[in-house]
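# A look at the structure
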Amino acid sequence: MEYTKEQIDKIYEQVLRKEITICEMCDEIFDYVPRKILCDKCRVDPEYRAKERQRDEVKKKKREYMREYYQRPEVKARVSEYRQRPEVKEQQREYRQRPEVKERKRKYKQNPEYKAKEREYYQRPEVKERQREYEQRPEVKERRREYSRRKREERKNATG
Ligand SMILES: [Zn+2]
């Protein structure tokens, strides 16, 4: 069924007000019931549910396989070789600069789970050691000096 923009807006308004729900499988609209995400047809259709379960299984297997695959030393080496290529680096830089990617990253970093993980990561002795080593590098020191010099300059210009 085709909806006009007004109708769609109205539907979403009702969804937000928890008056109705849109079925996650078939887009059928039904009255809101807490935690009910599928319409009655999809809920009782055993074939549909079996397919859904199967799809989940396949996805899970694939995820597990990929995880195992990327742990292999030869694959890891190939991946890191690939990432070092200039054109790939350039592509990644371009990708990271996209507003929607930046926004996603910003949101992701707000996540408490992420924050906890990050804290845990920086507490590891080998990470701390690596960081200390990194900050001792002349070019890093130089960059930091340059950065604070620029900041000072900016503040001076801002206050007039
Ligand atoms: Zn449905």
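Calculation criteria
Residues numbered from 1 in each chain as written. Predicted model: local features only at pLDDT ≥ 70, side-chain atom pairs only at ≥ 80, totals over all residues. Helix = DSSP H or I, 4+ residues; strand = E, 2+ residues; numbered from the N terminus. Rg over C-alpha atoms; globule rule 2.2 N^0.38 Å. Buried ≥ 20, exposed ≤ 12 C-beta atoms within 10 Å, placed from the backbone. Expected span 1.5 Å × (residues − 1). pLDDT = per-residue confidence, 0-100.

Attention now goes to the overall build of the protein. Looking only at helices and strands, the protein has nine helices and two strands in total. Of the regular secondary structure in the protein, the N- to C-terminal order runs α-β-β-α-α-α-α-α-α-α-α. Computed over C-alpha atoms, the radius of gyration of the protein comes to 26 Å, more than 25% over the 15 Å expected from 2.2 N^0.38 for 160 residues, which places it beyond the range of a compact globule. Along the longest, intermediate and shortest principal axes, the C-alpha atoms of the protein span 65 × 55 × 35 Å. Out of the 160 residues in the protein, the part that is buried amounts to 1%.

Okay, the environment of Asp 40 next. Position of Asp 40 among the secondary structure elements: in helix 2 (residues 40-44). Using a count of 11 C-beta atoms within 10 Å as the deciding quantity, one classes Asp 40 as exposed. Taking the C-alpha atoms as reference points, Asp 40 and Thr 21, separated by 19 residues in sequence, lie 12 Å from one another.

With that out of the way, let us pick up unusual backbone geometry. Phi at Lys 18 is positive, roughly 60°, even though this residue is not glycine. Tracing the backbone shows Lys 18 in the loop between helix 1 (5-16) and strand 1 (20-22). Positive phi outside glycine occurs at Arg 35, with the angle close to 65°. Position of Arg 35 among the secondary structure elements: in the loop between strand 2 (29-31) and helix 2. The exposure class assigned to Arg 35 is exposed, which follows from the 5 C-beta atoms found within 10 Å.

Okay, helix 9 (residues 138-159) next. End to end, helix 9 covers 32 Å across 22 residues, agreeing with the expected 32 Å (1.5 Å per residue, within 8%). Where burial is concerned, little of helix 9 is hidden: zero out of the 22 residues are buried.

This paragraph deals with the environment of Lys 61. Structurally, Lys 61 is set in helix 3 (residues 46-71). On the basis of neighbour counts, which here come to 10 C-beta atoms within 10 Å, the residue Lys 61 falls in the exposed class. Measuring from C-alpha to C-alpha, the distance between Lys 61 and Asp 31 comes to 36 Å, with 30 residues separating the pair along the chain.

Next up on the list: the confidence of the model for the protein. Of all residues in the protein, 98% have pLDDT values of 70 or greater, and the mean over the chain is 87. Across the protein, strand 2 holds the top mean pLDDT of 92, while helix 2 sits lowest at 82.

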